[in-house]
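A structural walkthrough
Here is what each chain is made of, one letter per residue.
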Amino acid sequence: MVEKLEENIYRIGVPLPGNPLRELNSYFIRGEDSDLLIDTGFRRAACREALEAGLEELGSDPCRRDVLVTHLHSDHSGMADLFVGEGRRIYMSQPDLDYLAERIRVRFSDPKNDRFEREGFPRGILEEIDRVNPAKQEALSAITDAFMPLRDGEKLRVGKYELELIIVPGHTPGNSMLWIEKEGIMFSGDHVLFDITPNITEWPGVEDALGDYLDSLERVRDYPVRRTLPGHRAEGEYRARIDYLLAHHQKRLTEALEVVRTNPGLTAYEIAGKMTWKIRADSWEEFPIIQKWFAVGECLSHLDYLRKRGKVGREQREGLWRYEAM
């Protein structure tokens, strides 16, 4: 459950039962006057028990504990307020903190649903997803006075380590990584994962989430990273993985464009059903409903990218958006 990675840096595995991600990598950095916990897990008993046990094994004193959340998703932010010490801070990038506060204000009523319905996603399935999606059911319930927004480039000191926040939009509007330059350590959150590719979906108010993600990858590609500590699964070679992710999305863009070209007039829901996905399902109809939601969101991010660059157009017919190659 607890693994020592570097001097005073530890990984606590937080299980995510029933989720294909399997586990969250929560990181604990022991300082001199304060400690830092990076990411927490869903707001559910299994996550809380595992994280409590890991922190107890490490002898963590909550009175010294600050929390940093790499991004707003519930598997990272869900228990931030439960593990921060009294009078301590919960750090989060300004863009994601603003977005999360708005989601909580509207009780996690997802503005994506309106667009997804116009893109051909059946309303009944969207309503079922709202009822069962852990991202909504096991989420942080309030923004407290403990939250402190951070800007790109701001630094925190924990013991001998100086951590610089790097905002890398794409996976979320304010997704962030933490860079310890002196030791060459990058906490990559969900920006760079090794066993799986980060989900890049469309975001309300964001014109081109995939373009933002690819630009963010290019921006941080040449950091002299010695060790990458990701939000999920195993570690890997930093620059090679970024090159793979850049190439991967170019292939996905080519595939999406080919589906549109050979099937003019489809909705995004229908286009997603014709794309290839690494999932155990014999057909689009047999996809688990939450996986359909992720797939359509990712398809939309690729269609938005292609639309912005004039390769795909869309037209509204009978209340639904339909796509054609330009």
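Next up on the list: helix H4 (residues 94-105). The first and last C-alpha atoms of H4 sit 16 Å apart over 12 residues, in line with the 16 Å expected at 1.5 Å per residue. Every buried residue belonging to H4 is among Asp96, Leu97, Tyr99, Leu100, Arg103 and Ile104, and all of these are buried. Angular distribution of buried residues about the axis of H4 spans 165°; they occupy a single face of the element. For H4, the side-chain oxygen to backbone nitrogen distance between the N-cap and Asp96 is 3.3 Å, and the N-cap itself is Ser93.

All chains considered together, the criterion is met by 34 salt bridges. Between Glu128 and Arg131 there is a salt bridge whose closest N-O contact spans 2.5 Å. With Glu128 and Arg131 both in helix H6 (residues 123-132) and 3 residues apart, the pair spans about one turn of that helix. On the accessibility criterion, Glu128 (29% relative accessible area) is partly exposed. Of the charged contacts, one joins Asp243 and Arg221 as a salt bridge, the two residues approaching to 2.6 Å between their closest N and O atoms.

Assignment of secondary structure puts Ser74 in helix H2 (residues 74-77). Linking Ser74 and Gln137, residues 63 residues apart in sequence, is a C-alpha distance of 9.1 Å. For Ser74, the contacting residues outside a window of four places in its chain are Gly41, Phe42, Pro134, Ala135, Glu138 and Ala139.

This part covers unusual backbone geometry. Positioned with a positive phi, Arg22 is a non-glycine residue whose angle comes to about 75°. Relative to the assigned elements, Arg22 resides in the loop between strand E2 (9-15) and strand E3 (23-29). The exposed category is assigned to Arg22, whose relative accessible area is 57%. The backbone of Asp39 shows a phi angle near 70°, a positive value even though the residue is not glycine. Along the polypeptide, Asp39 turns up in the loop between strand E4 (35-38) and helix H1 (45-57). Classification of Asp39 by relative accessible area gives buried; the value is 2%.

Strand order in this open sheet of 7 strands is E1-E2-E3-E4-E5-E6-E7, and the pairing throughout is mixed. Two strands lie at the open edges of the sheet, namely strand E1 (2-6) and strand E7 (147-150), each paired on one side alone. Here the average twist between neighbouring strands, direction ignored, is 25°. Of the pairings in the sheet, the one linking E2 to E3 comprises 7 bridges and is antiparallel in character. Within the sheet, the bridge partner assigned to Arg11 lies in E3 and is Tyr27. Along the sheet, H1 contacts E1, E2, E3, E4 and strand E5 (65-68); its crossing angle with E2, the most-contacted strand, is approximately 155°. Against the sheet, H4 engages strand E6 (90-93) and E7, with an angle of about 100° to E6.

Once that is clear, we can look at the packing of helix H8 (residues 209-220) against helix H9 (residues 238-262). In the contact formed by H8 and H9, the axes pass within 10 Å of each other and the chain directions differ by 155°. It follows from the interaxial angle that H8 and H9 lie roughly antiparallel. The interaxial crossing formed by H8 with H9 has left-handed handedness. In this structure, H8 uses Leu210, Tyr213, Leu214, Leu217, Glu218 and Val220 to contact H9, whose residues at the interface are Tyr238, Ile242, Leu245, Leu246, His249, Gln250 and Leu253. Partitioning the contact of H8 with H9 into residue classes produces 10 nonpolar, 2 polar and 1 charged.

With that settled, consider the pairing of strand E9 (residues 161-167). Among the 7 residues of E9, 5 are classified as buried, and the element is accordingly described as predominantly covered. In this sheet, E9 lies alongside strand E8 (residues 155-158) in antiparallel orientation, the contact comprising 4 bridges. Note on E9: the bridge partner recorded for Val158 is Tyr161. Linkage of E8 to E9, two consecutive antiparallel strands, is achieved through a turn of 2 residues, within which Gly159 is found at a positive phi near 60°. Bridge count between E9 and strand E10 (residues 176-180): 4 bridges; the pairing is antiparallel. Bridging from a neighbouring strand, Ile167 pairs with Ser176 of E10.

Parameters and conventions
- Residues numbered from 1 in each chain as written.
- Predicted model: local features only at pLDDT ≥ 70, side-chain atom pairs only at ≥ 80, totals over all residues.
- Heavy atoms only, no water.
- Helix = DSSP H or I, 4+ residues; strand = E, 2+ residues; numbered from the N terminus.
- Expected span 1.5 Å × (residues − 1).
- Buried < 20%, exposed > 50% of the residue type's maximum accessible area, 1.4 Å probe, protein only.
- Arc of directions from axis to C-beta.
- Polar contact = N/O pair within 3.5 Å; in protein donor to acceptor, adjacent residues only side chain to side chain.
- Salt bridge = Lys/Arg side-chain N within 4 Å of Asp/Glu carboxyl O.
- Contact = heavy atoms within 4.5 Å.
- Pairing = 2+ DSSP bridges.
- Axes fitted to C-alpha atoms, helices over the stretch in contact; angles between N-to-C directions.
- Parallel < 35°, antiparallel > 145°, perpendicular 65-115°, else oblique.
- Left-handed = near helix turned anticlockwise from the far one by under 90°.
- Nonpolar A, V, L, I, M, F, W, Y, C, P; charged D, E, K, R; others polar.

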